[in-house]
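# Summary of structural features
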Amino acid sequence: MLTTTVHVATDQMVLTYAPHGWPAGVLTGQADGQGGFQLAHVIAFPNSPPWTLSRLLHVGLEEAWRREYDYVTFWLPKDFPIRVSLEAFGNRLGFRRYAETTTADYYVRYRP
């Protein structure tokens, strides 16, 4: 069964990373209406270079600062299989947990 979800958002940003002319991954997100940018998806495609996720996040942060967002946020479900690894990766990029619920953790990085 195919399930389709349609989501329309204002100020949606989609960055496609194509280091050799063919997409290796995408980053999506949108303005949160309070001066920040919320990451929605960071996807490294199968067989992409091992640095794709890192490059996407660096480019995404650079774009957010270029657009003068004050901060960037993302959240991780507590039951996400690689949550611990993604949290550590986010910490290395300067993100810090700012909120927690029983089902998710929320992270922020402020513009330098």
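So, a few notes on the structure that sits alongside this text. (Residues numbered from 1 in each chain as written. Predicted model: local features only at pLDDT ≥ 70, side-chain atom pairs only at ≥ 80, totals over all residues. Heavy atoms only, no water.)

### So, the sheet that holds strand E4 (residues 71-77)
A sheet is described by the order of its strands in space; here six strands give the open sequence E1-E2-E3-E4-E6-E5, paired in mixed fashion. With one partner strand each, in any of the chains shown, strand E1 (12-17) and strand E5 (96-100) form the two edges of the open sheet. Averaged over all neighbouring strand pairs, the angle between strand axes comes to 30°, with direction disregarded. Inspection of the sheet shows E4 paired to strand E6 (residues 104-110) by seven bridges, in the antiparallel sense. (Pairing = 2+ DSSP bridges. Helix = DSSP H or I, 4+ residues; strand = E, 2+ residues; numbered from the N terminus. Axes fitted to C-alpha atoms, helices over the stretch in contact; angles between N-to-C directions.)

### Some words on the layout of surface pockets
In this structure, the largest pocket occupies an estimated 430 Å³ of space. Lining the largest pocket we find 17 residues, and of these Val42, Phe74, Trp75, Leu76 and Leu86 sit closest to its centre. Looking at the lining of the largest pocket, the elements with two or more residues in it are strand E3 (36-44), helix H1 (52-66), E4 and helix H2 (83-92). Among the residues forming the lining of the largest pocket, the class breakdown is 15 nonpolar, two polar and no charged. (1 Å grid on protein atoms, 1.4 Å probe; cavity = no way out; pocket = protein on both sides within 12 Å on 5 of 7 lines; lining within 4 Å. Points joined across faces, edges and corners; volume = space filled by probe spheres on them. Nonpolar A, V, L, I, M, F, W, Y, C, P; charged D, E, K, R; others polar.)

### Some remarks on the pairing of E4
For E4, the buried fraction is high: five of the seven residues fall into the buried class. Where E3 and E4 come together, three bridges link them in parallel fashion. Bridged to Phe37 within E4 is Val72. Crossover E3 to E4 through H1 is right-handed. (Buried < 20%, exposed > 50% of the residue type's maximum accessible area, 1.4 Å probe, protein only. Right-handed = clockwise from strand over helix to strand, strands pointing away.)

### Overview of the environment of Leu57
Along the chain, Leu57 falls in helix H1. Residue classification places Leu57 among the buried positions, given a relative accessible area of 11%. The spacing of Leu57 and Val26 is 31 residues in sequence and 9.7 Å in space, taken between C-alpha atoms. Setting aside anything within four residues of it in sequence, one finds Leu57 in contact with Leu27, Leu39, Val42, Phe89 and Leu93. (Contact = heavy atoms within 4.5 Å.)

### So, the environment of Leu86
Its location among the elements puts Leu86 in helix H2. Judged by its relative accessible area of 22%, Leu86 is partly exposed. Residues Leu86 and Gln34 lie 52 residues apart in sequence; the distance between their C-alpha atoms is 25 Å. Apart from residues lying up to four places away in sequence, Leu86 is in contact with Leu53, Leu76 and Phe80.

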